[in-house]
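Letter by letter, the chains look like this.
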Amino acid sequence: QVQLVESGGGLVQPGGSLRLSCAASGRIFRIYAMGWYRQAPGKQRALVAAITSSGSANYADSVKGRFTISRDNTKNTVYLQMNSLKSEDTAVYYCNADVRSTGGDYVRGSWGQGTQVTVSS
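The structure contained in this document is the topic of the report that follows. In this text the structure is predicted, and so the values were computed from the model without any measurement.

What counts as what
Residues numbered from 1 in each chain as written. Predicted model: local features only at pLDDT ≥ 70, side-chain atom pairs only at ≥ 80, totals over all residues. Heavy atoms only, no water. 1 Å grid on protein atoms, 1.4 Å probe; cavity = no way out; pocket = protein on both sides within 12 Å on 5 of 7 lines; lining within 4 Å. Points joined across faces, edges and corners; volume = space filled by probe spheres on them. Helix = DSSP H or I, 4+ residues; strand = E, 2+ residues; numbered from the N terminus. Nonpolar A, V, L, I, M, F, W, Y, C, P; charged D, E, K, R; others polar. Disulfide = S-S within 2.5 Å. Buried < 20%, exposed > 50% of the residue type's maximum accessible area, 1.4 Å probe, protein only. Pairing = 2+ DSSP bridges. Core = buried A, V, L, I, M, F, W, Y, C linked by side-chain atoms within 4.5 Å. Contact = heavy atoms within 4.5 Å. Axes fitted to C-alpha atoms, helices over the stretch in contact; angles between N-to-C directions.

**Considering the layout of surface pockets**
Then, in step 1: Its volume calculated, the largest pocket comes out at about 170 Å³.
Then, in step 2: Surrounding the largest pocket, 14 residues form its lining, Arg38, Ala40, Lys43, Ala46 and Glu88 being those nearest its centre.
Then, in step 3: Elements with a contribution of two residues or more to the lining of the largest pocket: β4 (28–39) and β5 (46–51).
Then, in step 4: Here the lining of the largest pocket takes three residues from β5, the largest share from any one element.
Then, in step 5: Classifying every residue of the lining of the largest pocket gives seven nonpolar, four polar and three charged.

**Some points on the state of the cysteines**
Then, in step 1: The full count for this structure, using the stated rule, is one disulfide.
Then, in step 2: Two residues, Cys22 and Cys95, share a disulfide whose sulfurs are 1.7 Å apart. With Cys22 in strand β3 (residues 18–26) and Cys95 in strand β9 (residues 91–101), this residue pair connects regions lying 73 residues apart in the sequence.
Then, in step 3: Given the relative accessible area of 0%, Cys95 is considered buried.

**Side note on the pairing of strand β11 (residues 115–119)**
Then, in step 1: Here β11 shows a buried face lined by Thr115, Val117 and Val119 and an unburied face lined by Gln116 and Thr118.
Then, in step 2: Across three bridges, the pairing between β9 and β11 is antiparallel. Across the sheet, the residue bridging to Val92 is Gln116, located in β11.

**Considering the nonpolar core**
Then, in step 1: Counting 29 residues, the largest nonpolar core has Trp36, Phe67, Val78, Leu80, Met82 and Tyr93 as its most contacted members.
Then, in step 2: Secondary-structure elements contributing two or more residues to this core are β1 (2–7), β3, β4, β5, β7 (67–72), β8 (77–82), β9 and β11.
Then, in step 3: Ranked by residues supplied to this core, first place goes to β9 with five residues.
Then, in step 4: With residues near it in sequence (within four places) discarded, Tyr93 still touches Glu6, Leu20, Trp36, Tyr37, Arg38, Val48, Phe67, Leu80, Met82, Gly114, Thr115 and Val117.

**Considerations on the sheet that holds β8**
As a general point, the strands of a sheet are linked pairwise by backbone hydrogen bonds and lie either parallel or antiparallel.
Then, in step 1: Spatially, β1-β3-β8-β7 is the arrangement adopted by the four strands of the open sheet, whose pairing is antiparallel. Either end of the sheet is taken by a strand with one partner, and the two such strands are β1 and β7. When the angles between neighbouring strand axes are averaged without regard to direction, this sheet yields 15 degrees.
Then, in step 2: Summarising the sheet, β3 and β8 pair through six bridges and their orientation is antiparallel. In the sheet register, Leu20 faces β8, and the bridge partner there is Leu80.

Okay, structure coming up:
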């Protein structure tokens, strides 16, 4: 019912920056919380940052002070500004959202393809 498309990943040197975007589409009446997750090789997918519909954000300890999550409710889009990147930030990054559909159901979005972030010199 809800599709998510991530973009903005790439190869960056340690200390560099990237900005990820994720657009939600489908049978959306309202989007509540949105979040960014990442999955490194051999590890489970983990929450990196989340933001409520009113803009309140929280972060994993490993990215506090370096990453900033934001959203544009008019575009059903969430962003992740990543600064001071480290090699341990290398992962596939995914987003997801808690949505009330046009049919009245409360659903989570379908996982997208993700976007690869590689931090390496």
